[in-house]
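Structural features, examined
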Amino acid sequence: MLSKLSFTHLKAAQAARLACHTRDYSEYHKSRFKIVGQSLGDRWKLHDLKTDAVQEKFNAWFQKTQKFLNEVASPLTTSQSRKPVPENSLDDSTMEDIFVAEQTINSRMPQGVLSLAAIVSIEQFSRLNGLTAQKMQKIFKALVPKSVYSDARNLVEYCCFRFLSRDGSAFHPSLKEPAFQRLVFITMLAWENPYCKESANTSEKVSLQGMLVREKAFVRIASAISGVADRSTAHSLYKALAGDEKGISLGLWLTYVRELIK
């Protein structure tokens, strides 16, 4: 039997915490490009990095991830907890199962209509912040320039990162809650596809089964959550988790998080 996996809890990216407090425009605008601006490509100050330390950290993380994948995929293991949660055993997990109360946000944004995933993510994280999505939308619009507000992906980030910044622990306690685990998965989907061709019908059930989170969305959101991923190794972690698949499924994501909290 394979040995029990123990994950090292990694500290989340500090940059994600800078944009999550309400502040005046000039201060927010500066931090904005440390946070949302990274969506267009992170800019590292290479002279500040210690190459030996980065390589050592990368090797340790990669080895732990490979061990996790071996335990998940190996047909010889007898531990059922190491296997990915089967897609057909997710009790028809729909976005509506997480969506609470009525929709308050205006789904029509300057560049298009919000997708159902974006609506769910913004509504839920707004409530976790103690506000309605409509109020969060108005605050964000007042804080940032029009060009930033017009991209719905930035609003998804703002609502999510503002909540995450309220906790400074090495491992975010909300990760222990199944509903929050799925909300994070939905948020990654929302970041990747914030728009839809027509207004989303929030009364219809939309299953998460078969949906995949791809690399850019995983790196952007997962690395902002304390204990889930580290920005310096998030790309390699994604590739190790996804393997030959086109993305990370809900089942694999839930299995990965549940291993982290053991």
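A short tour of the structure in this document, coming up. Computed from a predicted structure; not experimentally measured.

Our next topic: the packing of aromatic side chains. Tallied over the entire structure, the rule returns seven aromatic pairs. Centre to centre, the rings of Phe163 and Phe180 are 6.0 Å apart; their planes meet at 50°, and the pair counts as tilted. With a gap of 17 residues between them, Phe163 in helix α7 (residues 152-164) and Phe180 in helix α8 (residues 178-192) connect regions that are remote in the sequence. For the pair shown, Phe163 and Phe180 are each scored as buried. With a centroid separation of 6.4 Å and an interplanar angle of 45°, the aromatic rings of Trp253 and Tyr256 are classed as tilted. Placement of the pair is Trp253 and Tyr256 together in helix α11 (residues 250-260), with a separation of three residues, close to one helical turn. Overall, Trp253 belongs to the buried group, its relative accessible area being 1%. One aromatic cluster is present, built from ring pairs that chain together Phe125, Phe163 and Phe180. Positioned over the ring face of Trp191 is Arg153, at 4.2 Å from the centre of the ring.

Attention now moves to helix α10 (residues 234-242). Listing the buried residues of α10 in full gives Ala234, Leu237, Tyr238, Ala240, Leu241 and Ala242. Phi turns positive, to about 60°, at Gly243, one or two residues after α10.

A word on the pattern of salt bridges. Under the defined criterion, the tally for this structure stands at four salt bridges. Of the charged contacts in the structure, one is a salt bridge between Glu259 and Lys262, with a shortest N-O distance of 3.4 Å. By relative accessible area, Lys262 is classed as partly exposed at 49%.

Strand order across the open sheet formed by three strands is β1-β2-β3, with antiparallel pairing between neighbours. The outermost strands of the open sheet, each flanked by one partner alone, are β1 (108-109) and β3 (195-196). Examined bridge by bridge, β1 and strand β2 (residues 112-114) share two bridges and lie antiparallel to one another. Looking at β2, one finds that Arg108 is bridged to Val113.

About the thresholds
Residues numbered from 1 in each chain as written. Predicted model: local features only at pLDDT ≥ 70, side-chain atom pairs only at ≥ 80, totals over all residues. Heavy atoms only, no water. Phe/Tyr/Trp six-rings, centres within 6.5 Å; stacked < 30°, edge-to-face > 60°. Helix = DSSP H or I, 4+ residues; strand = E, 2+ residues; numbered from the N terminus. Buried < 20%, exposed > 50% of the residue type's maximum accessible area, 1.4 Å probe, protein only. Lys NZ or Arg CZ within 6 Å of the ring centre and 35° of its normal. Salt bridge = Lys/Arg side-chain N within 4 Å of Asp/Glu carboxyl O. Pairing = 2+ DSSP bridges.

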